[in-house]
Amino acid sequence: MCWTDRAGALKKLTVFLTFLGLVAVTAAMAWSGFDSVLHAVMRIGLGGFLVMVCCQLLVDGVLGLAWHAAFPELGYFRLLSARMVRDAAATCLPFSQLGGIVIGIRATCSSHGLYKGDKREVALPEAACANLVDITTEVMGQVAFVLLAVAFLVAHQRSSPFVVPVVCGAVFLIVGTAGFIWTQRHGGNLFRKFGGKFTRSLASQWHENLTQGADDLQEQMEAAWSRPWHICRSALYHFVGWLGSAAMLWLTARFLGAHLTFPNAIAVEGVTCAIMSLGFLVPGSLGVQEGAYMALGHAFGIDPSVALGLSLLRRGREIIIGIPVLLAWQFMEMHSLRSNDKNDGGKAAYSPSSSVVKDTHLG
């Protein structure tokens, strides 16, 4: 199967999973009762919803701080905005998490003159390295958060059917994270050893570009992982961010009149995040998030309509933040492209070589 056929099959799979997720959300609302779900959501009020949006922005600030802890040489506001663009693309656009990562790399490369403390251009290998390491440290913090959630779940209900699957999922995350870290530290050597056999049939220029790109990325990875204290700080900040998401769940439940303690909120949010991680191919975790909230809400005595309302309010605050972020980023991208075309005297628009350079550096 050629590359275009694989890309087409992946696109069809994404569309199918999106449609399936929408059907699952609609079915869940119908089963719970549309009126009951709407009544539960409306109980928060406009003021309460704005409080939740502000809390989400605070958590986003912590996530930006976590990324900056691993890469202090990059500006905080560059990383914060790139992180928000990456999350917005993953939650608001019909992409899987992989699509959000690609857009996050592009956003890390772009500066648009917004980052007063970091005027330099960020090349593609450095941006890719920064995003991969940030995702890795986030998963490291998530593993600790999921294990804490399992502990609280066992303390609340030892016979819960979620304990064994979530523990298995946590083990899977640990093994996967360890393998991901090993790949980041040694992947370049493997590519140099075996990748050349597969790229020699390509044009010599492409072969050299791929080899050079792999070497540059490997150098960036080795530099990032040579600072273990920065990695540990980043993982710790991400763990605080996960606790912040549990705090938002606890506060939202209070607004909706549900009785949920903070340890129980950690259990619900942690197990939900673990389930959503396993369904990372589903765009926006449509249906996966709703099903997890409803099942776990039942385990903690929360009415299904309220549990579904918690999920919908979470999506609501993500959309309220994500859509303006994507629109602002797209506007700045268009402005940057027009400025580059004017500076180049219109030659870049018609020059294949300059187009390749732009695509290569994503800037």
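Bear in mind the structure is a predicted one, so any value in this text is a computation, not a measurement.

A.B. asks: It is not clear to me how the overall build of the protein should be interpreted in this structure. Could you clarify?
C.D. replies: Regarding its fold elements, the protein presents 13 helices and zero strands. Expressed as a percentage of its 363 residues, the buried residues of the protein come to 45%. The contacts in the protein between residues at least 6 apart in sequence include a share of 72% that link residues at least 24 apart. Taken as a whole, the protein presents about 18800 Å² of accessible surface, with 70% of it coming from carbon and sulfur.

A.B. asks: How should I be thinking about the pattern of salt bridges in this particular structure?
C.D. replies: Oppositely charged side chains may form a pair once their charged atoms are brought near each other. Inspection of the entire model under this criterion finds nine salt bridges. Note that Arg-83 and Asp-134 form a salt bridge whose closest N and O atoms lie 3.5 Å from each other. Placement of the pair is Arg-83 in helix 4 (residues 76-92) and Asp-134 in helix 6 (residues 124-156), with a sequence separation of 51 residues. Here Arg-83 and Asp-134 have matching classes, each one buried. Close ionic contact of Asp-134 with Arg-86 constitutes a salt bridge, the shortest N to O distance being 2.7 Å. Placement of Asp-134 in helix 6 and of Arg-86 in helix 4 is noted, with a sequence separation of 48 residues between them. For the pair Asp-134 and Arg-86, a shared accessibility class is recorded, and that class is buried. One connected set of salt bridges, linked through shared partners, spans Arg-83, Arg-86, Asp-87, Asp-134 and Glu-138.

A.B. asks: Would you explain the packing of helix 3 (residues 45-70) against helix 9 (residues 228-255) in this entry?
C.D. replies: Packed helix pairs are characterised by how far apart their axes lie and by the angle those axes make with each other. At a minimum axis distance of 7 Å, the contact between helix 3 and helix 9 shows a crossing angle of 170°. What the angle tells us is that helix 3 and helix 9 run roughly antiparallel. In terms of residue class, the contact of helix 3 with helix 9 is built from 16 nonpolar, nine polar and one charged.

A.B. asks: Is there a simple way to explain a nonpolar patch on the surface in this structure?
C.D. replies: Residues Val-167, Val-171 and Val-175 make up a contiguous nonpolar surface patch of roughly 240 Å² in combined accessible area. Mapped onto the elements, Val-171 comes out in helix 7 (residues 163-199). Its relative accessible area of 46% is what places Val-171 among the partly exposed residues.

A.B. asks: Can you walk me through empty space enclosed by the protein in this structure?
C.D. replies: Under the defined criterion, the tally for this structure stands at one cavity of 30 Å³ or more. Here the largest cavity defines a volume of roughly 50 Å³. Lining the largest cavity are Ser-245, Met-248, Leu-249, Thr-252, Glu-269, Tyr-293, Leu-310, Arg-314 and Arg-317. Looking at the lining of the largest cavity, its residues break down into four nonpolar, two polar and three charged.

A.B. asks: Before we go on, may I ask you to explain helix 9 in this structure?
C.D. replies: Along an α-helix, residues three or four positions apart point the same way, because every turn accommodates 3.6 residues. Relative to the 40 Å expected for 28 residues at 1.5 Å per residue, helix 9 spans 41 Å between its end C-alpha atoms, a close match to the ideal helical length. Positive phi shows up at Gly-257, right after helix 9, with a value of about 85°.

A.B. asks: Is there a simple way to explain the UniProt feature "transmembrane region" (unreviewed entry) in the protein in this structure?
C.D. replies: Here the UniProt feature "transmembrane region" (unreviewed entry) sits at residues 13-34, 46-70, 139-155, 162-182, 235-253 and 265-286. In the segment residues 139-155, helix accounts for 100% and strand for 0%; the C-alpha atoms at its two ends are 24 Å apart. With 100% helix and 0% strand, residues 235-253 has its two end C-alpha atoms placed 27 Å apart.

About the criteria used
- Residues numbered from 1 in each chain as written.
- Predicted model: local features only at pLDDT ≥ 70, side-chain atom pairs only at ≥ 80, totals over all residues.
- Heavy atoms only, no water.
- Helix = DSSP H or I, 4+ residues; strand = E, 2+ residues; numbered from the N terminus.
- Buried < 20%, exposed > 50% of the residue type's maximum accessible area, 1.4 Å probe, protein only.
- Contact = heavy atoms within 4.5 Å.
- Areas by Shrake-Rupley, 256 points an atom, 1.4 Å probe, with all protein chains shown as cover.
- Salt bridge = Lys/Arg side-chain N within 4 Å of Asp/Glu carboxyl O.
- Axes fitted to C-alpha atoms, helices over the stretch in contact; angles between N-to-C directions.
- Parallel < 35°, antiparallel > 145°, perpendicular 65-115°, else oblique.
- Nonpolar A, V, L, I, M, F, W, Y, C, P; charged D, E, K, R; others polar.
- Patch = residues over 30% accessible without salt bridge, like charges linked within 9 Å, V, L, I, M, F, W, Y side chains within 5 Å.
- 1 Å grid on protein atoms, 1.4 Å probe; cavity = no way out; pocket = protein on both sides within 12 Å on 5 of 7 lines; lining within 4 Å.
- Points joined across faces, edges and corners; volume = space filled by probe spheres on them.
- Expected span 1.5 Å × (residues − 1).
- UniProt positions renumbered as here; feature names shortened; annotations may be inferred.

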